[in-house]
Structures are given as C-alpha cells and as structure tokens.
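As a plain string of letters, each chain reads:
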Amino acid sequence: MAEQNDSDQEKTEPATPRRIEKAREEGQVARSRELATFLLLISGVFGLWVMGNNLYDELGLVMEQAFLFDRGLVFDSARMLSHIWSLGQRTLVALLPLFLLFSVAAILGPTLLGGWLISAKSLKPQFGKLNPLKGLKRMFSTQALAELTKAIAKSLLVGSVGVIYLWSQRDSLLGLMDMPIQQALATAMKLAALGCALIATSMIVVILIDVPYQLWSHHKKLRMSREDIRQEHKETEGDPHVKGRIRSQQQAMARRRMMSKVPEADVIVTNPTYYAVALSYQQDSMSAPKVVAKGADHVAARIRELGEEHRIPRLEAPPLARALYRHVDLEQEIPADLYTAVAEVLAWAFRLKQVESEGGEMPPTPRDLPVPPELDDAGEGTTDSSKESE
C-alpha cells in the first residue's frame, strides 16, 4: 500500500491544460537563449549587409565633421554644444533602422518558442534567490551542467568555423596590404560580413539541439503526479460532497417553490399513497392544464396535507396519477393523450367547489378514466416511490 502511495506521488503524468495555463500566468514558458541569439546575429548581419553602404556614408560624414577643426567652435561653447547635438541626431537617424531591426529580432526570438507573454508574477522580486546556499545548489545542478556543456560545445563550434574561415581566406587577408585604402576597406568589410554570416549560420546546429531540449525540459518541470491530477480535477469539478450538499439545497429550494404553488391548484390527483400531482387550469391564460406540483412518498404526503389545508379537491385515480407523475414535468402542460381524462377530473373539481359554495347535489366521482396504456406503467409504483425516497 505504501509503495502504491509513493508511486502515485511520482510526477510521471503530462501536465494538464490548466496546469500549463497556470504556469504561463506565473511566467513559466519554454525559452531558448540560443534562438534569440541566433536571430539577433542574423538580423545584425543582414542589416549591415543591406544598410552597410548608407551607414558608411552617413557615419563617415559624421566622423569627418567631428574631426574638422573650427576655431569658432573652440571659443563658443553654445555653438560647440549645438554642433555636437546635430552630429548626434545624424548618427541616431543613421543607426535607427538597424536598432529597429534588432528590436524586432529581440521580440521575435522568445515569441517563436513560448509565445507572447507578460507576467507580473515573473517581474516580482524573489529574495529567496539571494540565498547563497540555493545559489550553490543551482551552480551544481543538472541544469547548470547542461548549460556548461552547451556553452563549451557552442564555443568549439563557433571557434572551429571561425578558424576554418580565416584559414581559407588567408590569401585574401594578406592581399589587403597591397590594395589602396578604399579598396582594402571595402574588401575587408565584405570578408568580415561573410565570416559573421557563416558563424551565425553555424548556430543553426546549436538551435536544432537547444530548442527541443528546452521544450522537453519545460514539460518535464510541469509534470504532475496522479494525486496532483486528482486534486486539480476536484478543484475544477468541485468536491463531490460539496456538490452533493449544493444539489440537496437546490432540490430543497425547488421543492419549497413547488409547494408554494399547491394552494393555487384546482385539483390533486393521487395514487393514493405513492404519488400526488397538483393540476391547475386557467382558461384565459392557459391552452391546456399544467402540473404545478408533484411528488412521491413524503413529498406526496406533504402535497396532500397542503391540499387539505386549502380545501383543494382530491381524487384518487392511480392510472392518471402515475401517468402525470412520470410523463409530465413541472410547469408543463399535459399531453394531448390525457386531455379527456383531465377534463373529467377538472369538471368534477369545479362542480365540487361550486356545490361547497352554493350548495346542491354532489357530483359523481369520476371512474375508469381513459388513460392510454403506454402512459400508465402499472406495477412500477413501488419501485419509483422507493427511488424518490432515496
């Protein structure tokens, strides 16, 4: 038994959608630093490749203006500050497209893997991380070992690609010394851009390993035990005991509402003891009589008591009582198959009330009411009443 409890506590089950959503609210999503780094490097190489000429021209003019000697600027601090401000604005305008490209890459990197997420909980200070013991534990954890291995592998990969590229371009690099300064600078920029592109492209190998690992690690952290799943299900669906109490209270409230309609009934049809059904009919507002209250066993007894207190006519008609109880819901009109039988009962009840108020000959009690066999399941009265009492 103890072994079974221990196995239940093992987090071997995948996270439920509610657990994943709760983790997102706390800022726990899969992230890959390598993917973000790769997108920043690629965007930088692309931006420099596309905007390199414009940056060279604009920044070259800024450098030229910055190093020009102007005697007037030296002795006029206001002009000097204005000149510096003008050069700064020009530099910012030249670099702004590159900054925008970097910003898009920085936002796109985390979003591709974990989606867009801003969590206030993740921004909340966690002073527990300042504990040096916990810091040492994190330094020697499995996660730290994996990060160290990944960093070493990434350094070897990037270093190898860089060394191979430089060795393959050694003749071109040495030939720069024999070129004019302008041509040498242009060639050096092209060689540098190509080298950066190759190094950045080599990071794809790291991404192909890191992204699946980060997804696996994230889902592993969110794994749940069977007890966690049962507890979550209980919290989501509600405690069966609490739901039972709520259902009992709802039934009691519905029963009280139903009992309040009994005094408005025109007649009560009984089984005579298992069932009691109260019927009402208002010619001006109803197209057919409807059931305003019904019950079995003690509920039926309470309906009969209320009927006696309010002097409502009561008729013992077992087939009709069974048919009304089983086939007509509360506040629903009776089916057409029972029109004739109910009409006889209501006519008898109305005549009985008239005799009580005005006097006269008592009407005969209706007998052998026409109830279709398919609506009267004779012999099931005991079974149904026992179920109701339960």
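Residues numbered from 1 in each chain as written. Predicted model: local features only at pLDDT ≥ 70, side-chain atom pairs only at ≥ 80, totals over all residues. Heavy atoms only, no water.

*Asks:* What's the story with the packing of helix 3 (residues 33-67) against helix 5 (residues 77-114) in this structure? I'm lost.
*Replies:* Working note: a packed helix pair is described by the angle between its axes plus the distance between those axes. For the pair helix 3 and helix 5, the least separation of the axes is 9 Å and the interaxial angle reads 175°. Taken together, the axes of helix 3 and helix 5 lie roughly antiparallel to each other. In terms of residue class, the contact of helix 3 with helix 5 is made up of 24 nonpolar, seven polar and two charged. (Axes fitted to C-alpha atoms, helices over the stretch in contact; angles between N-to-C directions. Helix = DSSP H or I, 4+ residues; strand = E, 2+ residues; numbered from the N terminus. Parallel < 35°, antiparallel > 145°, perpendicular 65-115°, else oblique. Nonpolar A, V, L, I, M, F, W, Y, C, P; charged D, E, K, R; others polar.)

*Asks:* I would appreciate a short explanation of the pairing of strand 3 (residues 290-296) in the present structure.
*Replies:* A regular strand places its side chains so that they alternate between the two faces of the sheet. Across the seven residues that make up strand 3, a large majority, six, are buried. Of the pairings in the sheet, the one linking strand 2 (residues 275-280) to strand 3 comprises six bridges and is antiparallel in character. In the sheet register, alanine 276 faces strand 3, and the bridge partner there is glycine 295. (Buried < 20%, exposed > 50% of the residue type's maximum accessible area, 1.4 Å probe, protein only. Pairing = 2+ DSSP bridges.)

*Asks:* Would you explain the packing of helix 3 against helix 10 (residues 181-221) in this entry?
*Replies:* Relative to each other, helix 3 and helix 10 sit at 160°, their axes nearing to 8 Å. Comparing the axis directions of helix 3 and helix 10 gives the class roughly antiparallel. Crossing angle aside, the handedness with which helix 3 passes helix 10 is left-handed. Counted by class, the contact of helix 3 with helix 10 contains 17 nonpolar, two polar and three charged residues. (Left-handed = near helix turned anticlockwise from the far one by under 90°.)

*Asks:* What am I meant to see in unusual backbone geometry here?
*Replies:* Excluding glycine, a negative phi dihedral is what most residues carry, and trans is how most peptide bonds are arranged. With phi around 60°, glutamate 331 is a residue other than glycine that occupies positive phi space. In this structure, glutamate 331 sits in the loop between helix 14 (318-327) and helix 15 (339-358). Notably, aspartate 368 is not glycine yet its phi reads approximately 50°, a positive angle. Within the secondary structure layout, aspartate 368 lies in the loop between helix 15 and helix 16 (381-389).

*Asks:* Before we go on, may I ask you to explain the nonpolar core in this structure?
*Replies:* Ranked by size, the top nonpolar core spans 27 residues in total, and within it Leu279, Leu320, Leu324 and Leu338 carry the most contacts. No other element matches the seven residues that helix 15 contributes to this core. With near-sequence residues (within four places) excluded, leucine 320 lies in contact with Val269, Leu338, Ala341, Val342, Val345, Leu369 and Val371. Core analysis: the second largest hydrophobic core is formed by 14 residues, Val262, Ala278, Val299 and Ile312 among them. (Core = buried A, V, L, I, M, F, W, Y, C linked by side-chain atoms within 4.5 Å. Contact = heavy atoms within 4.5 Å.)

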